[in-house]
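# Chain and residue survey
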Amino acid sequence: MKNVLFRRKNLGELLKKKGDIQLQQSLGAFDLMLLGVGAIVGTGIFILPGTVAAVHAGPAIFFSFIIAAIVCALAAMCYSEFSSSIPVTGSAYTYVYIVFGELVAWLVGWALLLEYGLAVAAVATGWSAYLSALLEGFNITIPKAISGSFNPADGTYVNVPAIAIIFATAFLLTLGIRESTKFNTIMVAIKVGVILLFIGVGIFYVEPANWQPFMPFGMNGVISGAALVFFAYLGFDAVSSAAEEVKNPQRNMPIGIIGSLFICTILYVAVSLVLTGMVSYTKLNVSDPVSFVMQIVHQDWVAAVISLGAVVGMMTVILVMSYGGTRLLYAFGRDGLLPKSMYELSKKYKTPVKNTWVFATLVAFCAGFIPLSKLAELVNMGTLLAFTIVSIGVIYLRKNKSIPSSGFKVPFFPILPICSFLLCLFLITQLSVYTWIASGIWFVFGLLFYFAYGKKHSVMNKE
């Protein structure tokens, strides 16, 4: 039984078996950085800085962003080593399959599926709210009954805009990653332009007195703030899902992953400093803090542009996280842990059309009908679990002599991977009891599915 549950894939055989069913290699380092920025910069920069500053960290929120960035940077280096050594789609799931075996890989993949699915659903719900606010500025009103999750007491029944944006994104993904990255490039340019506009205008309204007291909730507030703003960095791991579609992955994957994280950290720190400098942190517990402070200083036109930027910014997050989810299902199907239809590519577009629409339909249902406020932390749980396994997995990766030693290497080995492992574990302990219980239910369901279907149909049985 142990030999079956922890059977490991051989990288050489996995690369040979791609055969005719092969994703096109069309992405460079710059494309990957834009994918990363597109996935990371979204709700985190337009919502979290205000609410976390008001309730947890105060003006010291930029320390929270830096702490979260350090944890992510350590994990990002581990991901970079894996993705350059193992240029195969599936992200952490595939890496763990080669290093730790099938059962652990399935659980990590199951955690990532939770991350990608709920992240897309949550962001689509937020996108719907920002779109409604933006349209109201043009005197266009979406009926309340069809613009919110199912809550009859509040008069909402289905979130049609959220469903629509998920299906629109799915259609774009079916056309191919090259077309999707072109769209992502345009959207990222608009999004970053809006953020730079906020910083450029807002810096003239910064009053240092607003930064006092600097750390009103103490260091504990900064740490708890870091556990929350960690959500703002989710997405860089989705870049590793593109490994099989990258030209020269040994060089380009590390540049894409670490480069996108570095750019986003600079943007987050700058926005949080300007935001808390313009207005007292006590006033920032609102759903749209970035545009809110611009209205306070009577820069209404900037506030309107920022609302537009938020709508655009969330679209790129939905795109890249959906991409990560579909490529994960593709890897599951290839390995026999899900039906082979998840592994089929369209003859015309060379993309996994079937699994793209399956993923979109399930996520659209969540976004359209299920209130996600209590499930947001589950996204962090899925991600941190994957980060934890990948961090410790690098140590075992180095010991595997069958894997090529070329490509990016984590510096100060094995100290940095161990530090990444411990920091991710620490952030997991900061999540609520409710999140632990809900995650436990999700993983029990995943184990039942594996033993009922995946174990029996795994391609490893034939090998």
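Quick note: structure is the one above.
Since the model is a prediction, treat every value here as computed from it, not as a measurement. (Residues numbered from 1 in each chain as written. Predicted model: local features only at pLDDT ≥ 70, side-chain atom pairs only at ≥ 80, totals over all residues. Heavy atoms only, no water.)

### Some words on helix H7 (residues 92-99)
Counting along an α-helix, one turn takes 3.6 residues, and residues three or four places apart therefore face a common direction. H7 sits mainly inside the fold: 8 of its 8 residues count as buried. Buried within H7 we find Ala92, Tyr93, Thr94, Tyr95, Val96, Tyr97, Ile98 and Val99. Looking one or two residues beyond H7, the residue adopting positive phi is Gly101, at roughly 115°. (Buried < 20%, exposed > 50% of the residue type's maximum accessible area, 1.4 Å probe, protein only. Helix = DSSP H or I, 4+ residues; strand = E, 2+ residues; numbered from the N terminus.)

### Some details on a nonpolar patch on the surface
A cluster of nonpolar side chains, namely Phe150, Tyr157, Phe365, Phe369 and Ile370, defines an oily patch on the protein surface of about 470 Å² accessible area. Tracing the sequence through the fold places Phe365 in helix H16 (residues 353-369). (Patch = residues over 30% accessible without salt bridge, like charges linked within 9 Å, V, L, I, M, F, W, Y side chains within 5 Å. Areas by Shrake-Rupley, 256 points an atom, 1.4 Å probe, with all protein chains shown as cover. Salt bridge = Lys/Arg side-chain N within 4 Å of Asp/Glu carboxyl O.)

### Side note on the state of the cysteines
The full count for this structure, using the stated rule, is 0 disulfides. The thiol of Cys424 is unpaired, and the distance to the nearest cysteine sulfur, on Cys72, comes to 7.6 Å. (Disulfide = S-S within 2.5 Å.)

### Side note on the side chain of Ser439
In this structure, Ser439 sits in helix H19 (residues 433-457). Here Ser439 falls in the buried class, since its relative accessible area comes to 2%. Side-chain polar atoms of Ser439 contact the backbone oxygen of Thr435, separated by 2.8 Å. When sequence neighbours within four positions are dropped, the list of residues in contact with Ser439 reads Leu378 and Met381. (Polar contact = N/O pair within 3.5 Å; in protein donor to acceptor, adjacent residues only side chain to side chain. Contact = heavy atoms within 4.5 Å.)

### Some details on the nonpolar core
By size, the foremost hydrophobic cluster in this structure holds 148 residues, and its most contacted members are Tyr79, Ile166, Phe198, Tyr233, Phe236 and Met294. If one sorts the elements of this core by residue count, helix H8 (residues 102-136) sits on top with 20 residues. (Core = buried A, V, L, I, M, F, W, Y, C linked by side-chain atoms within 4.5 Å.)

### Side note on the pattern of salt bridges
Under the counting rule described, the total for this entry stands at 4 salt bridges. Asp335 is paired through a salt bridge with Arg334; the nearest N and O atoms lie 3.9 Å apart. In this structure Asp335 comes out as buried when scored by relative accessible area, which is 2%. On the basis of relative accessible area, Arg334 is assigned to the buried category, the value being 8%.

### Some words on the packing of aromatic side chains
Here the structure, examined in full by the defined rule, presents 25 aromatic pairs. Centre to centre, the rings of Phe63 and Phe214 are 5.8 Å apart; their planes meet at 90°, and the pair counts as edge-to-face. Of the two residues, Phe63 sits in helix H6 (residues 61-85) while Phe214 sits in the loop between helix H10 (177-202) and helix H11 (218-229), which places them 151 residues apart along the sequence. Between the aromatic rings of Trp106 and Tyr450, the centroid separation amounts to 6.3 Å while the plane-to-plane angle is 35°, which identifies the pairing as tilted. Remark: Tyr450 occurs in helix H19 and Trp106 occurs in helix H8; sequence separation between them is 344 residues. For the residue pair Trp106 and Tyr450, the accessibility class agrees, reading buried in each case. The rings of Tyr93, Tyr97, Trp106, Trp110, Phe332, Trp442, Phe445, Phe449, Tyr450, Phe451 and Tyr453 are connected pair by pair, giving a single aromatic cluster. The ring of Phe413 is capped by Arg398, whose NZ or CZ atom sits 4.0 Å from the centre of that ring. The ring of Tyr396 is capped by Lys399, whose NZ or CZ atom sits 5.5 Å from the centre of that ring. (Phe/Tyr/Trp six-rings, centres within 6.5 Å; stacked < 30°, edge-to-face > 60°. Lys NZ or Arg CZ within 6 Å of the ring centre and 35° of its normal.)

### Regarding the environment of Gly256
Looking at the element boundaries, Gly256 is found in helix H13 (residues 249-278). Between the alpha carbons of Gly256 and Cys424 there is a distance of 22 Å; along the sequence they are 168 residues apart. Excluding its chain neighbours within four sequence positions, the residues that come into contact with Gly256 are Ala29, Leu32 and Met33.

### As for the packing of helix H15 (residues 300-334) against H16
Across the interface, H15 lies against H16 with an axial gap of 9 Å and an inter-helix angle of 120°. On the basis of the axis angle, H15 is oblique to H16. As for how H15 packs across H16, the hand of that crossing is right-handed. Between H15 and H16, the residues in contact are Met321, Ser322, Gly325, Thr326, Leu329 and Tyr330 and Asn355, Thr356 and Phe359, respectively. Across the contact of H15 with H16, the residue classes tally to 4 nonpolar, 5 polar and no charged. (Axes fitted to C-alpha atoms, helices over the stretch in contact; angles between N-to-C directions. Parallel < 35°, antiparallel > 145°, perpendicular 65-115°, else oblique. Left-handed = near helix turned anticlockwise from the far one by under 90°. Nonpolar A, V, L, I, M, F, W, Y, C, P; charged D, E, K, R; others polar.)

### Description of H15
With 35 residues, H15 should reach 51 Å at 1.5 Å per residue; the first-to-last C-alpha distance of 52 Å fits that figure. Burial runs high along H15: 30 of the 35 residues are buried. Immediately downstream of H15, the backbone of Gly336 shows phi near 85°, a positive value. (Expected span 1.5 Å × (residues − 1).)

### Concerning the environment of Ile263
Along the chain, Ile263 turns up in helix H13. Measuring from C-alpha to C-alpha, the distance between Ile263 and Ser83 comes to 20 Å, with 180 residues separating the pair along the chain. When neighbours within four sequence positions are excluded, Ile263 is seen to be in contact with Met33 and Val37.

### As for the packing of H8 against H15
Where H8 contacts H15, the axes come no closer than 8 Å and their chain directions differ by 155°. Between H8 and H15, the interaxial angle falls into the category roughly antiparallel. Viewed along their axes, H8 and H15 form a crossing whose handedness is left-handed. A class-by-class count of the residues in the contact of H8 with H15 yields 25 nonpolar, 6 polar and 1 charged.

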